[in-house]
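# A closer look at the structure
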Amino acid sequence: MDIRRDSFGCLATLLLFTHAGVGHAAFFQLAENSPAGLGNAFAGGAAIAEDASTVWYNPAGLTRLSGRQLVVGGHYIAPSMKFSKTGATTALGSTITGGDGGDIGVSAFIPNMYYAHQLDNRLTFGIGINVPFGLATDYEDNWVGRYYANRSEIKTVNINPSLGYQLDDQWSIGGGLSYQTIEAEIGNSTDLGTACAATQLAATCTGLALTPQQDDAKIKNAGDDVSYGFNLGLLWQPDGQTRVGLAYRSAIKHKLTGSISVGTTEPGQVTFAALLGAVNGGGIGADIQVPATLSLSAFRQVDSRWAVMGDITRTNWSGLPELRIKFDSGAADSVITLNLKDVYRYSLGVAYRTPWGWVYRAGVALDQGATPNEVDRSPRVPDADRHWLAFGAGHRQSKDLDFDIAYTYIKMDDGTINKTATGENTLRGNLRGSYRANISIVSAQMRWMLR
């Protein structure tokens, strides 16, 4: 076993899993990009096209908007996720001390903004700014899986100018470009004492006095990147009550660059951490691809008050089969196998309009997890299937101003984890247990018609 390469792999995996361990769509994706749409669990997202957020969901829907409008919204996301330990041992077989990590969910506020401007009877411009991937997980100090993960955080911002063009009375097309930034900062601990005793580098430990589980190096990785993608949309309106939308959003490939910082307390720790390649300030890089999505949505206005809608969205997580890390030090690449699978989100929703300017919404969704089994499940993203229950309401305050609010409860299926101290996990140890999680989301938005 090449312990130098394997240790780099431990650090490398962290660069990928810089996302919400309790993601609100599959893996580390955030679905919260429209408060009004959240009230229907995003059913009909590519077909509703009732406000400027259609920039994100289907740019062809821009042709349904007249004049100019600005939508500003935000989501307060309060996740709760807890780990229950079944067993944890080092590669040498000794029990790893520590607790279950507490509640690792990190609450956050996620904003978004959309603007649409009708240029003529057929062409409409739009632009959106939102956060499609992100949030964080944070374990308590000294938890039993600290050699896999401590804190993970990712921040993305997507800027998406788009155009929608009406071909005729039934068909519209649209497209846009995405400018996406990503910032990641993550951490874990490395058990230098066990590494010293268990590897061919043991001879170099003479005189360093490193004790398993007592001499840990705290590793933090930080990196960022800017990259580009595109989205396309098609909208069919066979009559005044029915709309069908098809929308595609491309994968975006990021090349993160950054550095490692190593926190140690004793000279012996500093010496051995350097032998493992965890050199303070050393450069690192990783290629990460956020997935392509394809959505098919339908909307039907049943009568003057009731509307029904549905959506099927496919997310191509299999486009990220591995993580390959390159090191400025010249060390060999580290390859981490992920085994992610493509997933679907299925959602259904209804809306009811009153004569007094109110609209009430409800929706349900099944959102599949991208992690295939307990062996591939990571403490950084304990991914599993999610079940959504959503409610919302909107009110037309005046001809120029609308308000919308929504609440969604998401229950994640319990997810077991079974990591073994082999290959890239040798220094992380054996870890078995299960995760339970739920998420509450409160959202609000305002829409101004700019005459």
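Residues numbered from 1 in each chain as written. Predicted model: local features only at pLDDT ≥ 70, side-chain atom pairs only at ≥ 80, totals over all residues. Heavy atoms only, no water.

## So, the overall build of the chain
Along its length, the chain carries five helices and 19 strands. Looking at the chain as a whole, 55% of its 451 residues are labelled buried. A fraction of 75% describes how many contacts in the chain between residues 6 or more apart in sequence connect residues 24 or more apart. Accessible surface, the chain as shown: approximately 17800 Å² in total, 56% of it carbon and sulfur. (Helix = DSSP H or I, 4+ residues; strand = E, 2+ residues; numbered from the N terminus. Buried < 20%, exposed > 50% of the residue type's maximum accessible area, 1.4 Å probe, protein only. Contact = heavy atoms within 4.5 Å. Areas by Shrake-Rupley, 256 points an atom, 1.4 Å probe, with all protein chains shown as cover.)

## A short note on the pattern of salt bridges
The full count for this structure, using the stated rule, is 16 salt bridges. Residue Arg 151 pairs with Glu 153 through a salt bridge whose shortest N-O separation is 3.2 Å. According to the relative accessible area criterion, Arg 151 is partly exposed, its value standing at 31%. A cluster of three or more residues bridged by salt bridges with shared partners is formed by Asp 138, Arg 151, Glu 153 and Lys 155. (Salt bridge = Lys/Arg side-chain N within 4 Å of Asp/Glu carboxyl O.)

## A short note on the nonpolar core
Counting 26 residues, the largest nonpolar core has Ile 110 and Trp 388 as its most contacted members. Elements with a contribution of two residues or more to this core: helix 3 (54-57), strand 1 (68-89), strand 2 (108-118), strand 17 (386-398), strand 18 (401-419) and strand 19 (430-450). Residue contributions to this core peak at four residues, all from strand 2. (Core = buried A, V, L, I, M, F, W, Y, C linked by side-chain atoms within 4.5 Å.)

## Overview of the pairing of strand 10 (residues 283-290)
Summarising burial for strand 10: six of the eight residues are buried, a large majority. Pairing of strand 9 (residues 252-263) with strand 10, which is carried by eight bridges, proceeds in the antiparallel orientation. Its bridge partner lying in strand 10, Lys 253 is registered against Gln 289. (Pairing = 2+ DSSP bridges.)

## Some details on the side chain of Ser 172
Along the chain, the position of Ser 172 falls in strand 6 (residues 171-191). Residue classification places Ser 172 among the buried residues on the basis of a relative accessible area of 0%. Engagement of the side chain of Ser 172 in a polar contact is seen with the side chain of Thr 63, the distance being 2.9 Å. Look past the residues within four positions of Ser 172 in its chain and what remains in contact with it is Ala 60, Thr 63, Tyr 165, Gln 166, Leu 167, Gly 233, Leu 234 and Leu 235. (Polar contact = N/O pair within 3.5 Å; in protein donor to acceptor, adjacent residues only side chain to side chain.)

## Observations concerning the packing of aromatic side chains
If you walk through the whole model with that rule in mind, you get 11 aromatic pairs. Between Phe 230 and Tyr 248 the ring centres are 5.9 Å apart and the planes differ by 50 degrees, which places this aromatic pair in the tilted class. Of this pair, Phe 230 sits in strand 7 (residues 216-239) while Tyr 248 sits in strand 8 (residues 242-249); the two residues are 18 residues apart in sequence, bridging distant segments of the chain. On the basis of relative accessibility, which here comes to 37%, the residue Phe 230 falls in the partly exposed class. When its relative accessible area of 31% is taken as the criterion, Tyr 248 is described as partly exposed. A centroid spacing of 4.8 Å and a plane angle of 55 degrees characterise the contact between Trp 306 and Tyr 352, whose relative ring orientation is tilted. Remark: Tyr 352 occurs in strand 15 (residues 343-353) and Trp 306 occurs in strand 12 (residues 306-315); sequence separation between them is 46 residues. A relative accessible area of 41% places Trp 306 in the partly exposed class. Among the residues examined, Tyr 352 registers a relative accessible area of 23% and is labelled partly exposed. One aromatic cluster is present, built from ring pairs that chain together Phe 83, Tyr 139, Trp 143 and Tyr 435. A cation over an aromatic ring shows up here: Arg 249 above the ring of Trp 56, its NZ or CZ 3.6 Å from the ring centre. (Phe/Tyr/Trp six-rings, centres within 6.5 Å; stacked < 30°, edge-to-face > 60°. Lys NZ or Arg CZ within 6 Å of the ring centre and 35° of its normal.)

## Here's the deal with the environment of Val 72
By the secondary structure assignment, Val 72 is in strand 1. When its relative accessible area of 34% is taken as the criterion, Val 72 is described as partly exposed. Expressed as a C-alpha distance, the spacing of Val 72 and Arg 447, which sit 375 residues apart in the sequence, is 6.6 Å.

## A word on the confidence of the model for the chain
In the predicted model, the chain carries a mean pLDDT of 86, and 85% of its residues have values of at least 70. The secondary-structure element of the chain with the lowest mean pLDDT is helix 1 (residues 3-16), recorded at 35, while strand 8 shows the highest, at 98. pLDDT under 50 marks residues 1-22. Its contacts with residues more than four places away, or in other chains, come to 105 contacts. (pLDDT = per-residue confidence, 0-100.)

## Focus: the environment of Ser 347
Of note, Ser 347 is situated in strand 15. Taking the C-alpha atoms as reference, Ser 347 lies 7.0 Å from Gly 363; in sequence the two are 16 residues apart. Residues in contact with Ser 347, not counting those within four places in the same chain, are Ala 41, Phe 42, Ala 43, Met 309, Gly 310, Asp 311, Val 364 and Ala 365. A distance of 3.5 Å separates a polar side-chain atom of Ser 347 from the backbone nitrogen of Ala 43.

## Some remarks on the environment of Ala 36
Tracing the backbone shows Ala 36 in helix 2 (residues 35-38). Judged by its relative accessible area of 8%, Ala 36 falls in the buried class. A sequence separation of 368 residues divides Ala 36 from Asp 404, and the C-alpha atoms of the two residues are 5.8 Å apart. Apart from the residues lying within four places of it in its own chain, the contact partners of Ala 36 are Asp 51, Arg 361, Asp 404 and Gln 445.

## Describing unusual backbone geometry
Although it is not a glycine, Ala 41 sits at a positive phi angle of roughly 55 degrees. In this fold, Ala 41 is placed in the loop between helix 2 and helix 3. A relative accessible area of 0% places Ala 41 in the buried class.

## Concerning the pairing of strand 12
Two strands pair when backbone bridges link them, and strand 11 (residues 293-301) and strand 12 are joined in this way by nine bridges, in the antiparallel orientation. Bridge pairing links Leu 294 to Arg 314 in strand 12. Joining the antiparallel neighbours strand 11 and strand 12 is a turn of four residues. Taken together, the 10 bridges between strand 12 and strand 15 define a ladder with antiparallel strand orientation. Counted as the bridge partner of Ala 307 is Ala 351 from strand 15.

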